[in-house]
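# Analysis of the macromolecular model
The primary structure of each chain is shown beneath.
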Amino acid sequence: MITESMKMSDIIGKNILLISVLNRFGIKPGVGEKTLKTISSQNGIELKSFLAILNTYNSKEYFPENDDVDINVLVNFLKRTHVYYLNYTLPRIENLLRQLSAECPENKPLAMIEQYYFDYKKQLTIHIDYEETELFPLIVEIVKKQSKISENADYYSDKIQHEHVNVEDKLSDLKTILIKFLPAEVNENSANELLFEISRFEQELLDHARFEDKILIPKLIILLQTRQ
Amino acid sequence: MNKQRVVVVHSSAIVQKGLADLLLHTCNVSVSQSISDYAEAKPVFRLKKTIFFIASQLILQDNNLFTQLKHKGNSVYLIADNAESTNPGIPCDGILFIADSLAEIQKKLSAIFPTILKNKLVASELTSRETEVLKLVAQGNSNKETADQLSISLHTVISHRKNICRKLEIKTTSGLTLYAVINNLII
């Protein structure tokens, strides 16, 4: 369990994967001896939400209470996560795939895997775009209590959860197929990097979906119900 | 995963967690319930057709318990500290000793859940029927269309699909299509 009095360097040292989460709050390594609380106040981050988000990423067993996370902080965090996916993770996976295809231009399976990836990327981008342009603004509006919505709460819950499962499963299939069919002649370091990157992304998406399905959407449903 | 109910009754948390972990990783069996307290376990002892792993002391303390459990068609395995803490007269289904090595315990557990382990090992090959279903699904046919073309029920197609997904570890239709194309199952 991560607490406010812990040193940031210890937190990162124990779970290096938290770096990319911290980046989304504007925190980079070079944290000196500062505690989480100090860093949080220096960066103007709301402490309770920050702790809840870090702990959720840090441990599968941890689950924040509904009131732990400020919805605006969470939406901002999720938006920055999307930017990270679109500007870093997806291009990186894409580059590695291109690199492998360039090494064996005659390999048909690899070309098909690349095409599968492009379809996947397109689907994920549409999903992210939907959340950014419709879902998040809607939530922010409802929180401000300015909205007039006619949709049933279940509509959002079903739509989002269904899409998350799909996005996760397709990525996991990509990994399985790469493991089974990567041609022997590719550079093993690039192949390993690609598999590591996909596995990490798979885990990220699961954590990301946990926030949306378990915190954001229930919150939306409660808000919608109280307004009906 | 197992459909059979597995209950562990032992006061030690280490034993409970350790056994649950071994069952999961050795036999893909999950424990339905772990109980540390004898009093708390009483309602559980009324269950039928359950596999029990019980601290041997409990059986020694309560003579009727063992008969009662066996009478209801349960399997009973004892967890004993050593040979002295069991009664050789009790016709239990097996004994796990705390001092057993990892290999010994795994051997015993695999013997208890042989079919589950076997299924897991031979799960990789698709049957010819499954391959036919895979081809049709990968060509974009719905479950209903696949069922019609093969003259089998929708229910059978769904069950084939489940097995295909499990064996290949591929969950989505687009993933199955890619798999089929790479394997030259469809053009």
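Residues numbered from 1 in each chain as written. Chains lettered and ligands numbered in written order. Predicted model: local features only at pLDDT ≥ 70, side-chain atom pairs only at ≥ 80, totals over all residues.

## Things to note about the overall build of chain A
Defined as follows: Only runs of H or I of at least four residues qualify as helices and only runs of E of at least two qualify as strands under DSSP, and these elements are numbered from the N terminus. For every residue, the other C-beta atoms within 10 Å of its own C-beta are counted; 20 or more classify it as buried, 12 or fewer as exposed, and values in between as partly exposed. C-beta atoms are placed from the backbone.
Helix and strand counts for chain A come out as 8 helices and 0 strands. Evaluated residue by residue, chain A yields a buried proportion of 24% over its 228 residues.

## What to know about the overall build of chain B
Short version of the rule: Contact between two residues is assigned whenever their backbone-derived C-beta positions fall within 7 Å.
Helix and strand content of chain B: 10 helices and 5 strands. The 187 residues of chain B split such that 24% are buried. The contacts in chain B between residues at least 6 apart in sequence include a share of 57% that link residues at least 24 apart.

## Structural notes on the interface of chain B and chain A
Threshold: By the convention adopted, Pro, Cys, Tyr, Trp, Phe, Met, Ile, Leu, Val and Ala count as nonpolar, Lys, Arg, Asp and Glu as charged, and the other residues, Gly among them, as polar.
Counting residues at the interface gives 10 residues for chain B and 13 residues for chain A. Here the side of chain B that touches chain A is built from residues that sort into 5 nonpolar, 3 polar and 2 charged.

## A few points about the environment of Leu96(B)
The residue Leu96(B) is located in strand 5 (residues 94-97) in this model. Spatially, the C-alpha atom of Leu96(B) lies 8.6 Å from that of Asp81(B), the residues being 15 residues apart in sequence.

## A look at helix 5 (residues 71-103) of chain A
Think of an α-helix as turning once every 3.6 residues; residues three or four places apart then point the same way. Residue and element names in this part refer to chain A. What counts, and what does not: Helix span, as expected, comes to 1.5 Å for every residue beyond the first. By definition, a residue's bend is the angle between the axes fitted to the seven residues ending there and the seven starting there.
In this model helix 5 runs 46 Å from its N-terminal to its C-terminal C-alpha over 33 residues, within 8% of the 48 Å that 1.5 Å per residue would give. The largest bend in helix 5 amounts to roughly 40° and is located at Tyr85. Among all positions of helix 5, only Leu74, Phe77, Leu78, Thr81, His82, Ile93, Leu97 and Leu100 are buried.

## Points about the sheet that holds strand 4 (residues 75-80) of chain B
All names here are of chain B. Going by this rule: Strand pairing follows a simple DSSP-based rule, namely that at least 2 bridges must link the two strands. To obtain an axis, a line is fitted to C-alpha atoms, over the contacting stretch when the element is a helix, and the angle between two such axes runs from 0 to 180 degrees between their N-to-C directions.
Ordered by their spatial adjacency, 5 strands build an open sheet running 2-1-3-4-5, and the pairing between neighbours is parallel. Each end of this open sheet is capped by a strand with a single partner; those strands are strand 2 (33-35) and strand 5. Between one strand and the next, the sheet's axes are offset by a mean angle of 20°, whatever the strand orientation. The sheet contact formed by strand 1 (residues 5-9) and strand 3 (residues 50-55) spans 5 bridges and is parallel. Bridging across to strand 3, Val7 finds its partner in Phe52. Sheet strands in contact with helix 1 (residues 13-27) are strand 1, strand 2, strand 3 and strand 4, and its direction is about 155° off that of strand 1.

## Description of helix 1 of chain B
Residues and elements named next belong to chain B. The line we're drawing: Within this analysis, the arc is defined by the directions that extend from the helix axis to the C-beta atoms.
In this model, helix 1 (15 residues) spans 21 Å end to end at C-alpha, consistent with the 21 Å of a helix rising 1.5 Å per residue. Residues of helix 1 that are buried: Leu19, Leu23 and Cys27. The buried side chains of helix 1 occupy one side of the element, clustering within an arc of 35° when seen end-on. Those residues of helix 1 that are exposed and angled more than 90 degrees off the buried face are Ala13, Ile14, Asp21 and His25.

## Notes on the environment of Ala99(B)
Position of Ala99(B) among the secondary structure elements: in the loop between strand 5 and helix 5 (102-112). C-beta crowding within 10 Å serves as the criterion here: with 9 such atoms nearby, Ala99(B) is assigned to the exposed category.

## Notes on the nonpolar core
Applicable threshold: Note on terminology: a nonpolar core is a set of buried residues of type Ala, Val, Leu, Ile, Met, Phe, Trp, Tyr or Cys, with members joined through C-beta atoms within 7 Å.
Among the nonpolar cores identified, the biggest contains 29 residues, and Ile113(A), Leu174(A), Leu176(B) and Tyr179(B) are the most heavily contacted of them. When contributions to this core are tallied by element, the ones reaching two or more residues are helix 5, helix 6 (108-143), helix 7 (153-181) and helix 8 (188-227) of chain A together with helix 7 (128-138), helix 9 (154-168) and helix 10 (173-182) of chain B. Ranked by residues supplied to this core, first place goes to helix 6 of chain A with 6 residues. If we ignore the near neighbours within four places in the chain, the residues touching Leu174(A) are Tyr116(A), Tyr117(A), Tyr120(A) and Ile198(A). Phe50(A), Leu74(A), Ile160(A) and Leu220(A) belong to the second-largest nonpolar core, a separate cluster that totals 27 residues.

## Some remarks on the pairing of strand 4 of chain B
All names here are of chain B. Sheet analysis places strand 3 next to strand 4, joined by 5 bridges and oriented parallel. Bridge pairing in strand 4 places Phe52 opposite Val76. Sheet topology places strand 4 next to strand 5; 4 bridges connect them, and they run parallel. By the bridge assignment for strand 5, Ile79 is matched with Leu96.

## Brief notes about unusual backbone geometry
Residues and elements named next belong to chain B. At Ser151, a residue that is not glycine, the phi angle is positive and equals roughly 50°. Within the element layout of this structure, Ser151 appears in the loop between helix 8 (143-150) and helix 9. In this structure, Glu169 takes a positive phi of about 60° despite not being glycine. Its 17 C-beta neighbours within 10 Å are what place Glu169 among the partly exposed residues.

## Some thoughts on the confidence of the model for chain B
Residues and elements named next belong to chain B. Let me state the cut-off plainly: Note on scores: pLDDT gives the predictor's confidence for each residue, bounded by 0 and 100.
Per-residue pLDDT for chain B averages 86, and the proportion of residues at 70 or more is 93%. Taken element by element, the predicted model of chain B shows its lowest mean pLDDT in helix 6 (residues 114-121) (51) and its highest in helix 8 (95). Below a pLDDT of 50 lies the segment residues 116-121, which in the model reaches 7 contacts outside its immediate sequence neighbourhood of four places, other chains included. Under the prediction, the complex receives an ipTM of 0.81, its pTM being 0.67.

## Here we look at the packing of helix 6 of chain A against helix 10 of chain B
For clarity, the threshold we go by: Reported orientations rely on four angle classes, namely roughly parallel under 35 degrees, roughly antiparallel over 145, roughly perpendicular from 65 to 115, and oblique for the rest. Two helices crossing with the near one rotated counterclockwise from the far one by less than a right angle form a left-handed crossing, whereas a clockwise rotation gives a right-handed crossing.
Axis separation between helix 6 of chain A and helix 10 of chain B bottoms out at 10 Å; the angle between their running directions is 165°. If you check the angle between helix 6 of chain A and helix 10 of chain B, you find them roughly antiparallel. Crossing of helix 6 of chain A over helix 10 of chain B shows right-handed handedness. Seen from helix 6 of chain A, the contacting residues are Pro109(A), Met112(A), Ile113(A), Tyr116(A) and Asp119(A); seen from helix 10 of chain B, they are Ser174(B), Leu178(B), Val181(B) and Ile182(B). Grouping the constituent residues of the contact of helix 6 of chain A with helix 10 of chain B by class yields 7 nonpolar, 1 polar and 1 charged.

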